[in-house]
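So you can see what is in the structure, the chains are spelled out below.
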Amino acid sequence: MNTFLNEKSNGKKMVDKVFKAAVAANIAKEKFGDEVVNATLGTLFDEDGKFVALNSVWGPYETIDKLQKAKYASSIQGNPGFRDAVYNWLFGNLEEKIECEIIATPGGAGAISSTLKNILSPGETVIKPSQGWGPYKTMAHENDLTLTDYNMFKHGEFDLADFEKTLNEVMDSQGKVLVIINDPCHNPTGYSLRPDEWDDIIDIVNELSKKGPVIILNDIAYVDYNSNGDEWKIHFAKYNTLEKNVMVVIAFSCSKTLTAYGARVGAQIVITKDKKQLESFKDAAIYSARSIWSTVNNSAMKLFSLIAHDNYLLSKYKKEKQKYITLLEERAHIMTSEAKKVKLELYPFTEGFFVTIKIPDDKEKTALNMKLQKNNIFTVEVDGGLRIAICSVPKRQLKGLSKRIKDLM
Ligand SMILES: Cc1ncc(COP(=O)(O)O)c(C=O)c1O
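Predicted model only: the values in this text are computed from it and were never measured.

So, how was this worked out
Residues numbered from 1 in each chain as written. Predicted model: local features only at pLDDT ≥ 70, side-chain atom pairs only at ≥ 80, totals over all residues. Heavy atoms only, no water. Helix = DSSP H or I, 4+ residues; strand = E, 2+ residues; numbered from the N terminus. Expected span 1.5 Å × (residues − 1). Buried < 20%, exposed > 50% of the residue type's maximum accessible area, 1.4 Å probe, protein only. Salt bridge = Lys/Arg side-chain N within 4 Å of Asp/Glu carboxyl O. Pairing = 2+ DSSP bridges. Right-handed = clockwise from strand over helix to strand, strands pointing away. Domains from an automatic or database assignment. Contact = heavy atoms within 4.5 Å. Buried area = accessible area lost by both parts, 1.4 Å probe. Near = heavy atom within 4 Å. Polar contact = N/O pair within 3.5 Å; in protein donor to acceptor, adjacent residues only side chain to side chain. 1 Å grid on protein atoms, 1.4 Å probe; cavity = no way out; pocket = protein on both sides within 12 Å on 5 of 7 lines; lining within 4 Å. Sits in = over half its atoms within 2 Å of the grid points. Nonpolar A, V, L, I, M, F, W, Y, C, P; charged D, E, K, R; others polar.

Peer 1: Hey, could you run me through helix α11 (residues 298–309) in this one?
Peer 2: An α-helix turns once per 3.6 residues; consequently, residues spaced three or four apart project the same way. Compared with the 16 Å implied by 1.5 Å per residue over twelve residues, the 16 Å span of α11 between its first and last C-alpha is a close match. For α11, the tally of buried residues reaches nine of twelve residues, placing the bulk of the element in the interior. Burial in α11 covers these residues: Asn298, Ser299, Ala300, Met301, Leu303, Phe304, Ser305, Ile307 and Ala308.

Peer 1: I tried to follow the pattern of salt bridges on my own but got confused; where do I start?
Peer 2: If the charged atoms of two oppositely charged side chains come close together, the side chains can form a pair. With the rule as written, the count across this model stands at 22 salt bridges. In this structure, the salt-bridge partner of Lys8 is Asp144, at a minimum N-O distance of 3.4 Å. In this pair, Lys8 sits in the segment before α1 (17–32) while Asp144 sits in the loop between α6 (135–142) and β4 (146–150), placing the two residues 136 residues apart along the sequence. What makes Lys8 partly exposed here is its relative accessible area of 39%.

Peer 1: Looking at this structure, how should I read the pairing of β4?
Peer 2: Two faces make up the sheet, and in a regular strand the side chains alternate between them. Bridge count between strand β3 (residues 125–129) and β4: five bridges; the pairing is parallel. Within β4, the position partnered with Pro129 by the bridge is Tyr150. Where the polypeptide runs from β3 across α6 and back to β4, its parallel neighbour, the crossover connection is right-handed.

Peer 1: Looking at this structure, how should I read the domain arrangement of the protein?
Peer 2: Interfaces are often sized by the accessible area lost when the parts come together. The domain architecture assigned to the protein consists of domain 1 (17–54 + 314–407) and domain 2 (71–311). A straight line from the C-alpha centre of domain 1 to that of domain 2 covers 26 Å. The interface of domain 1 with domain 2 comprises 29 residues on the first partner and 31 residues on the second. Between domain 1 and domain 2, the buried area comes to about 2500 Å², and carbon and sulfur atoms account for 55% of it.

Peer 1: How do you make sense of the environment of Ala251 when you look at a structure like this?
Peer 2: Mapped onto the elements of the fold, Ala251 is located in strand β9 (residues 246–253). For Ala251, a relative accessible area of 0% corresponds to the buried category. The spatial distance from the C-alpha of Ala251 to the C-alpha of Arg83 is 13 Å, given a sequence separation of 168 residues.

Peer 1: Would you mind showing me how to read the site of the ligand here?
Peer 2: Within the structure, the ligand sits among 15 residues, and Gly108, Asp219, Tyr222, Ser253 and Ser255 are positioned closest to it. The separation between an oxygen atom of the ligand and a polar side-chain atom of Lys256 is 3.0 Å. A molecule is said to occupy a pocket when more than half its atoms come within 2 Å of that pocket's grid points, and by this definition the ligand occupies the largest pocket. When contributions to the shell around the ligand are tallied by element, the ones reaching two or more residues are α5 (107–119) and α9 (254–257). Counting residues per element, the shell around the ligand draws most heavily on α5, which supplies four residues. Within the shell around the ligand, the residues separate by chemical class into six nonpolar, six polar and three charged.

Written as structure tokens, this is what we have:
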């Protein structure tokens, strides 16, 4: 071996479809201006095409002392005030207590990759949704894991039968299951599981846990943009009904929640009745943190705690964020109602940042994407379709978009 890189890393190359499509859209924008529909970006933009950085978040940031901005975090696990704030943010409205450990991570990405690393051994299989966030694959490969999918939808709702079948197959072959569930506001379809679908999932994993350990990785990156607001978080009480051989790792992210994508703050919230294993998970996660990113951004943790612990700041934040949830709902309504009218098939959509056009055939999908690009419509190719980021496209550009796409099919 005469390469500088080791055998595994030599040849590793990140091809990020979102960034690639965004670059193409920007080049077109320079030439064609407002004619270009850039539906590639998974960050919030307002109706004037301006990037949204919430005033109720970035105003208070200015009040944070420069020493706090300069300092290391007070603990590798994350500042205690931040961990308290995360607990209250997610579980504050529950009547019952949730026994958990919270570990700060650099964004949801840090929470997910660290979980993959510490739950499975190289060569084992992680289960992900058939439509899903691209980096799940990158993270699995980075940790020498293989992937298998559960099918997301059947007859317009969650395909529970395939979920159960896939989990059982993996359990039978490796004696343990790690499954990613990105809910609510699934990326890329915008689907949110109904409460009864979640009840069925809980029943399935409880039953499955008789055969071996089951770990649900609940990626909640978009939780604060669901249409039911904090009410949705009542869902978390269901995790208290899990058997001892089930663990949940919630991957929380401040990226969308605070419009603080670049601040790189999130958390793993680990729940299981098995106290010994809860402690072991926490220890392993802290060890991994120290060995990879060390500590998380101190001032961003302070910022989150500041807003979460101050009723005045919190209510200002909720009010401002609600404006954008309403805007997302309006954009979604334009997209879904017009798609229905022109018979453009979308995956089942509930809420959130994205809708996805259903195109199961890869060749057809790429061909359509090329055609759309030639017509100044930029989307992102995802498994089984083309994703339209309604979070970043103004209403005036969404109007008529379904018909334009359908006409090019
Ligand atoms: C589904 C999903 N999960 C997790 C993340 C993690 O984001 P971050 O690492 O910025 O918190 C994202 C970001 O786009 C996402 O779309």
